[in-house]
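# Fold and contact review
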Amino acid sequence: MDNQEKFRDSIGTLDEEGKRSWVYPKKPIGVFYKYRKYVSYFLLLFLFAAPFIKINGNQFLLFNILERKFNIFGFPFWPQDFYLFVIAMLIGVVFIALFTVAFGRIFCGWICPQTIFMEMVFRRIEYAIEGDRGKQIRLDKAPWNKDKILKKGTKWIIFAIISFLIANVFLAYLISSDELFKYITNGPSSHLGTFIPLLIFTGVFYFIFAWFREQVCIIACPYGRLQGALLDKKSIVVAYDHKRGEREEGRQRFRKNQDRAAEGVGDCIDCSQCVHVCPTGIDIRNGTQLECVNCTACIDACDSIMESVDLPKGLIRYASEENIEKKSKFKFTPRLKGYTAVLVILTGLLVGLLLIRSDVEAKVLRLPGQLYEQKENGNISNVFTYKLLNKTNTLMDSIHFKLASMPGEIKMVKKEYFTIEKGGMQKGTFFIEIDPSHLNDSKNKIEVEVYSKGRIIDRATTNFMGPRTFR
Ligand code: SF4
Ligand code: SF4
């Protein structure tokens, strides 16, 4: 193997003996970090607030797998809506694949909860308590004196509290915020079956953010593992412009008043700032690597160095391998436009499916084995069974049926108006009578509308049988 490619034989956070080499990333400062902070504030707020927001009495987001109750954006979903989950999963897989092929690991750097919690919550607490990279290295090397015990102890206690909070919020997503409040009010001893898993999850979060850290992205994350298969030369990634950074003579330290381009010297002044800020401990100048989570910290670091030595920014930037090879600027190419259009269509499709999903599922079927009956007044009568499922978390009352497709009458076997409990089901039987002059065939398609308090809530189609002579 090419010696220059040797770094690919091992991961950046292991030393030659295979031991963990602890990463002390320097605190990033710059435009991208500023915007990543804004995005993280929004996402953290959303994550912590979503299980406590209610829409029409429904928790905004709920994933109660055990009781098979799901709320998405305040809409309750039932096992009967499972097809929507299957479609959403299929769309999700296509979306992830297309998004990654086009835009690389933007998700990892900007949206992934692991990155957000690690870089924007736990790491920032660490900077606040232990200081920046240099101070952290010195503190770790220092003997266990009062200062070290105080700093490490404070940090670990705060980490444990935040891990406990995160575990509680996740529990609210799983069992609902109402149940969580009930458990808190009753005290942990009355709900040990939930409290013990809660402590286990607290331990898992603590382990991840206090110790395992970037190893999640490098070793454990399946999405990270997929990168090798999904990225190609046209994918947009955080990339080092090696053409400009190295030129013919390679990197050299900065010298004042030097015309680097004229001398064939690369613009990289070998300051290692891009390496020092990297939370996964890699050198982006080696090229795209599986450890890179596209966090943009190296872009900010290098831009600030370029500014200070009066060279153009963007030596490390969002670019494709092809952009760098051809020395072209990032362009929204037809390929990217095409992929973006497909992504927008897929998202629209899913949103559309969610919006057209009704609150009630109505099924009307002809009673098996029954044909039709001719009444004394000459009308043709068929008998039907119905099944109505109330998918909302509110009681539905004043429910009744109307024949929509042709004149006729629905005669209920029991009450004409009835109610369905929240999440409940109602079954029953009714007759439909139609004047034979309205029938065209022995088998006629009819539509039955379902109303609640005068508002139409669902429609069901079925067949109405009549004698052949009416053809
Ligand atoms: S920060 Fe920029 S100039 Fe410094 S080593 Fe990295 S690429 Fe070179
Ligand atoms: S190489 Fe740059 S973008 Fe990639 S993880 Fe390191 S700092 Fe972040």
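If you're wondering where the values come from, they're calculated on a predicted model, not measured in any experiment.

### Describing the packing of aromatic side chains
- Going through the model one piece at a time under the given rule, you end up with 28 aromatic pairs.
- For the pair F77 and F85, a centre-to-centre distance of 6.2 Å together with 75° between the ring planes defines the contact as edge-to-face.
- The exposure class of F77 is buried, given its relative accessible area of 2%.
- Judged by centre distance (5.8 Å) and plane angle (55°), the rings of F117 and F209 are tilted. With a gap of 92 residues between them, F117 in helix α4 (residues 113–130) and F209 in helix α8 (residues 192–212) connect regions that are remote in the sequence. Here F117 matches F209 in class, with each residue buried.
- The rings of F48, F117, F122, F159 and F209 are connected pair by pair, giving a single aromatic cluster.
- Geometry around Y35 places K34 over its ring, the cationic atom sitting 5.3 Å from the centre.
- When the ring centre of Y451 is taken as reference, the NZ or CZ atom of K402 above it lies at 4.5 Å.

### Here we look at the state of the cysteines
- What the rule picks out here adds up to zero disulfides.
- Sulfur of C108: no disulfide; nearest cysteine sulfur belongs to C112 and is 6.1 Å away.

### Looking at the sheet that holds strand β5 (residues 75–77)
- Here we have three strands laid out as an open sheet, ordered β3-β4-β5, and antiparallel in their pairing. The sheet terminates laterally at β3 (61–64) and β5, the two strands that pair on one side only. On average, each strand axis in the sheet is inclined to that of its neighbour by 25°, with strand direction left out of account.

### Overview of the pattern of salt bridges
- Overall, the coordinates contain 30 salt bridges when judged by the stated rule.
- D397 is the partner of K453 in a salt bridge, and the nearest nitrogen-oxygen pair spans 3.7 Å. Here K453, found in the loop between β15 (443–452) and β16 (455–465), pairs with D397, found in strand β11 (residues 396–403); they are 56 residues apart in sequence, far enough to count as distant.
- For K453, a relative accessible area of 62% gives the class exposed.
- When the shortest N-O distance is used, the salt bridge between E449 and R459 registers 3.7 Å. In this pair, E449 sits in strand β15 while R459 sits in strand β16, placing the two residues 10 residues apart along the sequence.

### A short note on the site of ligand 2
- Taken together, 13 residues form the shell around ligand 2, and within it C278, C292, V293, C295 and C298 come nearest.
- In this structure, ligand 2 is accommodated by the largest cavity.
- Here the residues of the shell around ligand 2 are counted per class, giving 10 nonpolar, three polar and no charged.

### Here's the deal with the layout of surface pockets
- Taken as a whole, the largest pocket encloses approximately 1,800 Å³ of empty space.
- Top element by residues in the lining of the largest pocket is helix α2 (residues 82–103). It accounts for nine residues.
- Partitioned by chemical class, the residues of the lining of the largest pocket number 32 nonpolar, three polar and no charged.
- Together, 31 residues line the second largest pocket, and L62, N64, L174, I175 and S176 are the ones closest to its centre.
- When residues of the lining of the second largest pocket are traced back to their parent elements, those giving at least two are β2 (58–59), β3, β4 (69–72), α6 (146–175), α7 (177–186) and α8.
- When grouped by side-chain class, the residues that make up the lining of the second largest pocket number 17 nonpolar, eight polar and six charged.

### Overview of the packing of α6 against α7
- Where α6 meets α7, the axes come as close as 7 Å, and the angle between the chain directions of the two elements is 120°. Taken together, α6 and α7 sit at an angle that is classed as oblique. Side by side, α6 and α7 meet where N168, L171, A172 and I175 of the first sit next to S177, E179, L180 and Y183 of the second.
- Of the residues belonging to the contact of α6 with α7, the class tally is five nonpolar, two polar and one charged.

### Thoughts on the side chain of D267
- Checked against the element boundaries, D267 lands in the loop between α12 (260–263) and α13 (273–276).
- Take D267: its relative accessible area is 4%, and that puts it in the buried class.

### Here we look at the packing of helix α1 (residues 31–49) against helix α14 (residues 297–308)
- Direction vectors running N to C along α1 and α14 enclose 145°, while the axes themselves pass 7 Å from each other. Counting all contacts with α1, which are made through V31, F32, Y33 and R36, the residues of α14 involved are A297, I299 and D300.
- Residues of the contact of α1 with α14, tallied by class, amount to five nonpolar, no polar and two charged.

### Considering the side chain of R244
- When you line up the elements, R244 lands in helix α11 (residues 242–246).
- Given the relative accessible area of 14%, R244 is considered buried.
- Separated by 2.8 Å, the side chains of R244 and D267 make a polar contact.
- Discounting chain neighbours no more than four positions away, the residues touching R244 are G266, D267, M306, L311, P312, K313, G314 and L315.

### A few points about the environment of A102
- Tracing the backbone shows A102 in helix α2.
- Take A102: its relative accessible area is 0%, and that puts it in the buried class.
- Spatially, the C-alpha atoms of A102 and K411 are 59 Å apart, while their sequence positions differ by 309 residues.
- Sequence-distant contacts of A102, that is, excluding residues within four places in its chain, are made with S235, I236, R335, L336 and Y339.

What counts, and at which threshold
- Residues numbered from 1 in each chain as written.
- Chains lettered and ligands numbered in written order.
- Predicted model: local features only at pLDDT ≥ 70, side-chain atom pairs only at ≥ 80, totals over all residues.
- Heavy atoms only, no water.
- Phe/Tyr/Trp six-rings, centres within 6.5 Å; stacked < 30°, edge-to-face > 60°.
- Buried < 20%, exposed > 50% of the residue type's maximum accessible area, 1.4 Å probe, protein only.
- Helix = DSSP H or I, 4+ residues; strand = E, 2+ residues; numbered from the N terminus.
- Lys NZ or Arg CZ within 6 Å of the ring centre and 35° of its normal.
- Disulfide = S-S within 2.5 Å.
- Pairing = 2+ DSSP bridges.
- Axes fitted to C-alpha atoms, helices over the stretch in contact; angles between N-to-C directions.
- Salt bridge = Lys/Arg side-chain N within 4 Å of Asp/Glu carboxyl O.
- Near = heavy atom within 4 Å.
- 1 Å grid on protein atoms, 1.4 Å probe; cavity = no way out; pocket = protein on both sides within 12 Å on 5 of 7 lines; lining within 4 Å.
- Sits in = over half its atoms within 2 Å of the grid points.
- Nonpolar A, V, L, I, M, F, W, Y, C, P; charged D, E, K, R; others polar.
- Points joined across faces, edges and corners; volume = space filled by probe spheres on them.
- Parallel < 35°, antiparallel > 145°, perpendicular 65-115°, else oblique.
- Contact = heavy atoms within 4.5 Å.
- Polar contact = N/O pair within 3.5 Å; in protein donor to acceptor, adjacent residues only side chain to side chain.

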